[in-house]
Each structure stands twice: as structure tokens, then as C-alpha cells.
Amino acid sequence: MATSSKKRKYEEENRSFHPEWEDGFAFIDKGGKPICLICQTPLANYKVSNLKRHYATNHEEFAARYPPQSELRKSKLASLKSGMHQQQTLLSTFSKEGNASTEASYVIAWNIARAKRSYSDGDFIKKNVEEVISILDPNNSKLRRLIANIPMSRHTTERRISDISADIEREMMNDLRNCVAFSLALDESTDRVRVRDRISTHYNYKLPTGSKETCKFKGFSAETQQLMFNFIIIMDDDIWD
């Protein structure tokens, strides 16, 4: 009860950051919280006693080396602010590059799956791309770094293909649940020797938007056949009941 009362009292005070705290305690306002320029530690709220305690406890030497309101202190604080900004910009750049490298690994995994190639081909493809870029654009260090950071191990490729497969299945199931009509044709696949019975499927479905999709799958095992038949029964109940 006392904690709730303190929280309400703090909210009612409507505290905000005071510009003089930058010179006084080496704090700036960042993302709605005060953050220390010296150690980059964020505090929970704009309470001057907390800022003062942090500054006095952790940065006593800073006050001695850079006296308050001096030009030396202003220059040092400006340098710390610039360094923090550069660090955040660098982290943001690495994050964007990481996203690009991850997306590239999905593209390669997608093409490996479509071509029915081995999962280990990812590293082979990556190595070839690196060597081609080193010839076509040897001075593009950023592009070469991006390619070098593409995760393409065998296990990574396997996970990427599993992710893509699951996403396609979710999208397909969602479309089929929302379609206004569909047709499904099943046939036995006999184009391979010495394998278990397999099934080929061909189906069309029409969405409320008017678009029409045609999908073909071959090579389903007996276990998958049973799942397909169960799926047909479920879809029939969902759509027509």
C-alpha cells in the first residue's frame, strides 16, 4: 500500500530532466531516462538525489579533474556526448548489417531448397560470392564484410529451410481457411524406383480477393499422405459447415 502511494506521489510530481544536471552531474536525457555520460549507466527516474548520489559515489575523480562550470568540463562533456552518439550509430549500423546478412542467408537457403541441393552447399556458394566480389569490386570493404558475415553453415542452412517451410505452411493454411473454393487432385507418384509409395498433389484455390493459386507437390511419404487426408477432412468441415 505504501509502495503504491509513493508511486502515485512520484507520478503527480511530474518530474522532468533539468538541463543544469548535465554540467552538475554529467547526466543527459536519453529515451525518457537520465543516463550518465561517464559510465553510460541509466537511472530509473528524474530524481536529483539519485543523480547526485551516483555522481558522488562513482565519479569523484571526474569532479576534481573537470571542475563544474569550467571550459575544461564543458569540452569533456561534449566529447563524451559525441563518443556516445558515435557508439550508438555504430551499433545501429552493425544491427542493420546483421539483418542484411541474415536475410541473404535465407535467400541462399531458399535457392538451395528449390534446387534440392545439399545443405553444405551454403558455404560453397558463399565462398564463390566472396571471390567474385574480390574481383569485381575489390575496394568495397563494406560489401565484402557483409558477405563474410552471412551465416551459411550446414546447420544454419537447415534451420533457415525449416523456417521457410513453416512460414509457407502457415501462409498456405491461412489462405485455405479463407478461400471461397478449392479443388484438390491426388495421384500416386511412380517416377522413382525402390522407394516407398508416394503421392503427388495438385490443387487450386480462390481467395475472396479473386486471386487464384495453383500449387503442386510431389514426393510425399506415406506418413504425410495420412496427414494430407486428415487435412482434407478438417478443411472440408471448416469451409462448408
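As a starting point, this report considers the structure included with it.

The rules we used
Per chain, the residues get numbers from 1 upward, laid out in the order the sequence is written. Given that this is a predicted model, residues contribute local features only at a pLDDT of at least 70 and side-chain atom pairs are listed and counted only at 80 or more, while totals for whole chains, interfaces and linings are drawn from all residues. For side-chain calculations, the full set of non-hydrogen atoms in the structure is used, while hydrogens and water are omitted. By the criteria applied, helices consist of DSSP H or I runs no shorter than four residues and strands consist of E runs no shorter than two, each listed in order from the N terminus. Only protein chains enter the calculation, and the probe is 1.4 Å; a residue is then buried if its accessible area is under 20% of its type maximum, exposed if over 50%, and partly exposed in between. Whether two residues are in contact is decided by their heavy atoms, any of which lying within 4.5 Å being enough. Values of accessible area rely on a 1.4 Å probe in the Shrake-Rupley scheme; residue burial ignores everything except the protein chains shown. Whether two strands pair depends on DSSP finding at least two bridges between them. Picture the helix axis, draw a direction to every C-beta atom, and the arc is the one those directions span. Note on aromatic pairs: the rings of Phe, Tyr and Trp (six-membered ring only in Trp) are paired at centre separations within 6.5 Å, and the planes decide the class, stacked below 30 degrees, edge-to-face beyond 60, tilted for the rest. A side-chain nitrogen of Lys or Arg and a carboxyl oxygen of Asp or Glu constitute a salt bridge if their distance falls within 4 Å. What we call a nonpolar core is a set of buried Ala, Val, Leu, Ile, Met, Phe, Trp, Tyr and Cys residues that are connected through their side-chain atoms within 4.5 Å.

## Brief notes about the overall build of the protein
Here's step 1: Scanning the protein for helices and strands turns up nine helices and five strands.
Here's step 2: Traced from its N-terminal end to its C-terminal end, the protein shows the element sequence α-α-β-β-α-α-α-α-α-α-β-β-β-α.
Here's step 3: The burial tally for the protein puts 27% of its 241 residues in the buried class.
Here's step 4: Sequence separation of at least 24 residues holds for 48% of the intrachain contacts in the protein that already meet a minimum separation of 6.
Here's step 5: As displayed, the protein offers around 16900 Å² of accessible surface, 52% of which is attributable to carbon and sulfur atoms.

## Thoughts on the pairing of strand 1 (residues 27–30)
Successive residues of a regular strand alternate their side chains across the two faces of the sheet.
Here's step 1: Relative to strand 2 (residues 33–36), strand 1 is paired through four bridges, and the arrangement is antiparallel. If you follow D29 over to strand 2, its bridge partner there is P34.
Here's step 2: Taken together, strand 1 and the strand that follows it, strand 2, pair antiparallel across an intervening segment of two residues, in which G31 is found at a positive phi of about 65 degrees.

## Section: helix 3 (residues 48–58)
Here's step 1: Those residues of helix 3 that fall on the buried side of the exposure criterion are L51, H54 and Y55. Projection of helix 3 onto a plane perpendicular to its axis shows the buried side chains occupying an angular sector of 95 degrees, all on one side. Away from its buried face, by an angle of more than 90 degrees, helix 3 presents the exposed residues K52 and T57.

## Some points on the packing of aromatic side chains
Here's step 1: Taken as a whole and assessed by the stated rule, the structure comprises four aromatic pairs.
Here's step 2: Taking the centre distance of 5.4 Å and the plane angle of 85 degrees together, the rings of F17 and W21 count as edge-to-face.
Here's step 3: With a relative accessible area of 18%, F17 lands in the buried category.
Here's step 4: For W21, a relative accessible area of 8% gives the class buried.
Here's step 5: Cluster of aromatic residues (ring-pair linked, three or more members): F17, W21 and Y46.

## Thoughts on the pattern of salt bridges
Here's step 1: Across all of its chains, the model carries four salt bridges by this definition.
Here's step 2: Ionic pairing is found between E22 and K81, a salt bridge with its closest N-O pair at 3.4 Å. On the criterion of sequence distance, the pair formed by E22 in helix 2 (residues 20–25) and K81 in helix 5 (residues 71–114) is long-range, its members being 59 residues apart.
Here's step 3: Relative accessible area serves as the criterion here: at 23%, E22 is assigned to the partly exposed category.

## Topic: unusual backbone geometry
Here's step 1: Even without being glycine, A26 reaches a positive phi, approximately 60 degrees.
Here's step 2: Topologically, A26 is positioned in the loop between helix 2 and strand 1.
Here's step 3: The exposure class of A26 is buried, given its relative accessible area of 0%.
Here's step 4: One non-glycine residue, K116, adopts positive backbone phi at about 60 degrees.
Here's step 5: Relative to the assigned elements, K116 resides in the loop between helix 5 and helix 6 (121–136).
Here's step 6: What makes K116 exposed here is its relative accessible area of 77%.

## So, the nonpolar core
Here's step 1: Core analysis: the biggest nonpolar cluster contains 18 residues, and W21, F25, F27, L37, L51, F62 and L77 have the highest contact counts within it.
Here's step 2: Of all the elements in the fold, those that place two or more residues in this core are helix 2, strand 1, strand 2, helix 3 and helix 5.
Here's step 3: Among the elements that make up this core, the one with the highest residue count is helix 5 (three residues).
Here's step 4: In contact with F62, not counting residues within four places along its chain, are A26, I38, Y55, R73, K76, L77 and L80.
Here's step 5: Residues A109, I112, I147 and I150 belong to the second largest nonpolar core, which totals eight residues.

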